Amino acid sequence: MRIAICDDNLMELENTKKIISNYYQGIQVNVDIQCFDNPINLIKLINLPNNEGFDIYFLDVIMQINGIEAAKKIREISIDAVIIFTTTSKEFAVDAFSVKAYHYLIKPLDEIIVNELLDDLS
């Protein structure tokens, strides 16, 4: 399982990583989690030749490049990847459907909700 987390707020980035890491440790599944503090670096990485991308993307919406726009670029590469938006704003929830987002979570993230979400994906 490969997971990308992209958030320009480093505290939120670390919190999301901690929640996801704790979940997978709890079910004893190895997971590769890579963190990005801006979507440009994430998009550059997944555009590299022979890059397999990620299975799950946790994307902040309000960043240097809008998370919805980053998701559109991800969809150009992978139609099957799971995209989960994390944000402080409900404003973009409808836009999330345009990229077939799996879920739209409001920050601060609730560990129980994230765990249930990851249960559904396992």
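Residues numbered from 1 in each chain as written. Predicted model: local features only at pLDDT ≥ 70, side-chain atom pairs only at ≥ 80, totals over all residues. Heavy atoms only, no water.

Engineer: Describe in detail the pattern of salt bridges, supporting the description with residues and values.
Structural biologist: Counted under the stated rule, the structure contains four salt bridges. Linking lysine 72 and glutamate 69 is a salt bridge whose minimum nitrogen-to-oxygen distance equals 3.2 Å. Taken as a pair, lysine 72 and glutamate 69 lie in helix α3 (residues 67-77) at a separation of three residues, close to a single helical turn. For lysine 72, a relative accessible area of 37% gives the class partly exposed. A cluster of three or more residues bridged by salt bridges with shared partners is formed by Asp7, Asp60 and Lys107. (Salt bridge = Lys/Arg side-chain N within 4 Å of Asp/Glu carboxyl O. Helix = DSSP H or I, 4+ residues; strand = E, 2+ residues; numbered from the N terminus. Buried < 20%, exposed > 50% of the residue type's maximum accessible area, 1.4 Å probe, protein only.)

Engineer: Let's hear about the state of the cysteines: which residues, and what values?
Structural biologist: Summed over the entire model, instances satisfying the criterion amount to zero disulfides. With no disulfide of its own, cysteine 6 lies closest to cysteine 35 among cysteine sulfurs, the gap being 9.5 Å. For cysteine 6, a relative accessible area of 0% corresponds to the buried category. (Disulfide = S-S within 2.5 Å.)

Engineer: Break down the packing of aromatic side chains for me, with residues and values.
Structural biologist: For the coordinates displayed, the defined rule picks out four aromatic pairs. Judged by centre distance (4.9 Å) and plane angle (90°), the ring pair of tyrosine 23 and tyrosine 24 falls under edge-to-face. Judged by its relative accessible area of 2%, tyrosine 24 is buried. On the basis of an interplanar angle of 55° and a centroid distance of 6.3 Å, the ring pair of phenylalanine 85 and tyrosine 104 is categorised as tilted. With phenylalanine 85 in strand β4 (residues 82-87) and tyrosine 104 in strand β5 (residues 103-106), this residue pair connects regions lying 19 residues apart in the sequence. Judged by relative accessible area, which is 0%, phenylalanine 85 ranks as buried. Pairwise contacts between aromatic rings join Phe36, Phe54 and Tyr57 into one cluster. Cation over ring: arginine 2 sits above phenylalanine 54, and NZ or CZ is 4.5 Å from the ring centre. (Phe/Tyr/Trp six-rings, centres within 6.5 Å; stacked < 30°, edge-to-face > 60°. Lys NZ or Arg CZ within 6 Å of the ring centre and 35° of its normal.)

Geometric values such as these leave the question of function open.
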